[in-house]
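What the coordinates show
Spelled out, the chains give:
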Amino acid sequence: MARIMILDDDLNILDSLKRLLARKNHLQVEYFSEPNKALERAESGLFELFISDYNMPLMNGVTFLSKTKEIHPRSQRIILSGCADLNTIVSAVNDAEIYRFINKPWHNLEFITAIEQALEYHRVITENHFLSELARENNLLPE
């Protein structure tokens, strides 16, 4: 089961996402409206994917996702935003290594597809890391 964390300060958005993802039985999703609580939870559990709103009062999404990258480097990150400013997108990609940028309002199929692709990418990265470590242990790769 894939573990996902979603952060948005707008409770209506969180409710919409809960309804959208409720029937996805292969996903274990945790929802947060406060970045600090979300970061506390990220430190105590493994998540394959983090999804965050960009524009929040206490901490913007790029900062939040950058912090999650420090905690879980191989996890994937998606940012949701109602502002599609090019500088915002560039900052998100460069600073937090965002996998995908999704505009609000989103299209449900696009949103679900982005999640599935991000989780598959995480699976591939994790598998490659495991195989590389195994090859090093067996002296098949240089240190």
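Parameters at a glance
Residues numbered from 1 in each chain as written. Predicted model: local features only at pLDDT ≥ 70, side-chain atom pairs only at ≥ 80, totals over all residues. Heavy atoms only, no water. Helix = DSSP H or I, 4+ residues; strand = E, 2+ residues; numbered from the N terminus. Buried < 20%, exposed > 50% of the residue type's maximum accessible area, 1.4 Å probe, protein only. Contact = heavy atoms within 4.5 Å. Areas by Shrake-Rupley, 256 points an atom, 1.4 Å probe, with all protein chains shown as cover. Salt bridge = Lys/Arg side-chain N within 4 Å of Asp/Glu carboxyl O.

A few words on the overall build of the chain. When helices and strands are tallied, the chain shows five helices and five strands. In the chain, the succession of helices and strands from N to C terminus is β-α-β-α-β-α-β-α-β-α. In the chain, buried positions account for 41% of the 143 residues. For the chain, the share of sequence-separated contacts (at least 6 apart) that also reach a separation of at least 24 residues comes to 64%. Surface summary for the chain: the accessible area is close to 8200 Å², and the carbon and sulfur share equals 50%.

Applying the stated criterion across every chain, the model contains nine salt bridges. Among the ionic pairs, Arg-3 bridges to Glu-48, the shortest N-O distance being 2.8 Å. One end of the pair, Arg-3, is in strand β1 (residues 2-7); the other, Glu-48, is in the loop between α2 (35-44) and β3 (49-53), with 45 residues separating them in the sequence. With a relative accessible area of 25%, Arg-3 lands in the partly exposed category. The partner of Asp-8 in a salt bridge is Lys-104, with the nearest N and O atoms 2.8 Å apart. Pair noted here: Asp-8 is in the loop between β1 and α1 (11-21) and Lys-104 is in the loop between β5 (100-103) and α5 (108-137), with a separation of 96 residues, a long-range link.

What is shown is where atoms sit, not what they do.
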